[in-house]
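An overview of the molecular structure
The chain contents come next:
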Amino acid sequence: MERRRFFAQALAGTAAVASAAVARHALAGLPEPVIRTGTDTAGPWIPPGVTGAGRPYRPVVTLNGWTLPFRLKDGVKEFHLVAEPVVREFAPGFTVNLWGYNGASPGPTIEVVEGDRVRIYVTNRLPEHTTIHWHGQRLPNGMDGVGGLNQPQIPPGKTYVYEFVARRPGTFMYHPHADEMVQMAMGMMGFWVTHPKGRHPWIAEVDRDYCFLLNAFDVTPGARTPNVNTMLDFNIWAWNSRVFPGIDPLVARLGERVRVRIGNLTMTNHPIHIHGIEFEVTGTDGGPTRPESRWMEVTADIAVGQMRQIEFVADEEGDWAMHCHKSHHTMGPMGHGVPTMIGVDHRGLVQRIQRVVPDYMVMGERGMADMGEMEMPLPDNTVPMMTGTGPYGPIEMGGMFTTLKVRRDQAPGDYRDPGWYRQPPGTQARPVEMTEAPALAPAGAPQGAGHGHHGHHGHHANPAAPTTPAPFDARKPTGGHHGHPH
Ligand SMILES: [Cu+2]
């Protein structure tokens, strides 16, 4: 809706004035800032009627985000970013006061084509000065956005303009280079994609192209504003300022080629892992990787300030987990003072303590999986430590977790969540009766004594025949050669 209004006004040449904080005359002639505060994943944005700026491309889809519309003026793509306080819902029931752009944190994705001349107006509605740095771009030095080094700071209430040519195709980010620790801890960041202007030997055509930023916050449970001085001890691990189950799934039709662009603006690295498929890293902030430099992976570590562009063919149907492999990053806020209670017998103790401390709960005498089910009393504005429910119960994950949903019948270009996958009969792990299971060898018995535990490497021509114990296959050190690593 707001986009249609933007273009109607832009085309009519009546760029509207948007804000009380910024003087009316100061914004006259600028593209009307497009504001969007929702958290749903917007569909791909195809510039309507803008073919003169060149080349068609397959637009990206920003996870729980959107692409900023531009106005074409004398062949220049004009954008208007507004740096401002925003309220972001991280998951239902958990909202945080952040700083962002155009109503959201992260700000909207900017999407252009190699060779485009780009003009970006930046209006500062924050209570302090700011700038924008265009991470990874080739541009004139005075456009690089480091406050004090490349330009004066943008004071509150003022608008600056940046202008440069998007010289190389790739995956980029934008963020302030002014009071950086505070402004990035408050959520000021956004994505930038420059599509190639034609067929590029190192850039494949894909059917779906997703992007999101890794970000982290320190929000005391019950509070509504991040602690901005935190250096390492963050407790909210987010993708585009959303936490599972607030993060939308990535959806693909069976057999489609999918690209995912991931940027890291947290203070630590994140090994991003996808189940069910293998992928290649096809690009970094430095541009597309050479095809001969690629190899298959199932986890890509994304270091601080880095961008990784991964690609795969979605050729296995199902709901596949996709998450950061640091297990503390797939959790919500937790108390770090909780002792490990695994193996401690609490029986009888809880009721006695609850007589004096009614909210008392025992965490984790058999591991912490119970936490996923417990209805723990929580402060008003936070998320449980582990949350999200699947078709078979609690998923016991939070934070940096979502699913890749691959479906045979997902229509091309349909990004809607298809719901949970139903495994075909006989293709799912199931409980068995003990009589059905291979007998476990008693402790200390030679391997191969029980049925079902045959030695391997062709020791037994007839696996159904009674077996003799397989020879113990150990390599003994020869000579004085000790400590040979295995
Ligand atoms: Cu992580």
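Definitions and limits used
- Residues numbered from 1 in each chain as written.
- Predicted model: local features only at pLDDT ≥ 70, side-chain atom pairs only at ≥ 80, totals over all residues.
- Heavy atoms only, no water.
- Helix = DSSP H or I, 4+ residues; strand = E, 2+ residues; numbered from the N terminus.
- Buried < 20%, exposed > 50% of the residue type's maximum accessible area, 1.4 Å probe, protein only.
- Contact = heavy atoms within 4.5 Å.
- Areas by Shrake-Rupley, 256 points an atom, 1.4 Å probe, with all protein chains shown as cover.
- Donors = N, O, S within 2.8 Å, 3.2 Å for Na, K, Ca; no water.
- Pairing = 2+ DSSP bridges.
- Axes fitted to C-alpha atoms, helices over the stretch in contact; angles between N-to-C directions.
- Salt bridge = Lys/Arg side-chain N within 4 Å of Asp/Glu carboxyl O.
- Polar contact = N/O pair within 3.5 Å; in protein donor to acceptor, adjacent residues only side chain to side chain.
- Phe/Tyr/Trp six-rings, centres within 6.5 Å; stacked < 30°, edge-to-face > 60°.
- Lys NZ or Arg CZ within 6 Å of the ring centre and 35° of its normal.

What about the overall build of the chain?
Counting its secondary structure elements, the chain contains 4 helices and 24 strands. Counting all 486 residues of the chain, 47% fall into the buried class. Considering only contacts in the chain between residues 6 or more positions apart, those separated by 24 or more positions represent 74%. In the structure as shown, the chain presents an accessible area of about 24400 Å², 55% of it carried by carbon and sulfur atoms.

So, the coordination of the copper ion
On the protein side, the copper ion has His 270 (ND1), Cys 324 (SG) and His 329 (ND1) as donor atoms, found 2.0 Å from it. The sequence pattern describing where the donors of the copper ion fall on their chain is H-x53-C-x4-H. In this pair, the class of Cys 324 matches that of His 329, namely buried.

Some points on the sheet that holds strand E24 (residues 401-407)
The 5 strands lie next to each other as E13-E24-E21-E15-E19, forming an open sheet whose pairing is mixed. Both outer strands of the open sheet, strand E13 (250-253) and strand E19 (299-302), are each paired with one neighbouring strand and no more. Sheet twist, expressed as the mean angle between neighbouring strand axes with direction ignored, is 20°. Where strand E21 (residues 318-324) lies against E24, 6 bridges are found, and the strand directions are antiparallel. Bridging across to E24, Ala 321 finds its partner in Thr 403.

Looking at the pattern of salt bridges
The full count for this structure, using the stated rule, is 18 salt bridges. A salt bridge links Asp 116 to Lys 77; its shortest N-O distance comes to 2.6 Å. Pair noted here: Asp 116 is in the loop between strand E5 (110-113) and strand E6 (117-124) and Lys 77 is in strand E3 (residues 76-91), with a separation of 39 residues, a long-range link. A salt bridge links Asp 209 to Arg 261, with the shortest nitrogen-to-oxygen separation between them at 2.8 Å. Here Asp 209 is found in strand E11 (residues 208-217), whereas its partner Arg 261 is found in strand E14 (residues 257-264), with 52 residues between them in sequence. Grouping residues by exposure puts Asp 209 and Arg 261 together as buried.

A few points about the side chain of Glu 84
Within the fold, Glu 84 resides in strand E3. Within the local environment of Glu 84, its side chain forms a polar contact with the backbone nitrogen of Gly 103, the two atoms lying 2.7 Å apart.

Examining the environment of Ala 91
Residue position: Ala 91 is located in strand E3. For the pair Ala 91 and Ser 241, spaced 150 residues apart in sequence, the C-alpha to C-alpha distance is 9.2 Å.

As for the packing of aromatic side chains
Under the criterion given, the structure shown has 14 aromatic pairs. Where Trp 134 meets Phe 164, the ring centres are 6.0 Å apart and the plane angle is 55°; that geometry is what we call tilted. Linking Trp 134 in strand E7 (residues 133-135) with Phe 164 in strand E8 (residues 159-165), this pair joins segments that are 30 residues apart in sequence. Like Phe 164, Trp 134 is buried. A ring pair is formed by Trp 134 and Trp 192, whose centres lie 5.6 Å apart and whose planes are at 70°; its orientation type is edge-to-face. Taken together, the residues span a long stretch of sequence, with Trp 134 in strand E7 and Trp 192 in strand E10 (residues 190-195) at a distance of 58 residues. Considered together, Trp 134 and Trp 192 belong to a single accessibility category, that of buried residues. In this structure an aromatic cluster arises from ring pairing among Tyr 101, Trp 134, Tyr 162, Phe 164, Tyr 174 and Trp 192. Positioned over the ring face of Tyr 415 is Arg 208, at 4.8 Å from the centre of the ring.

Limitation: the analysis is restricted to geometry and does not speak to function.
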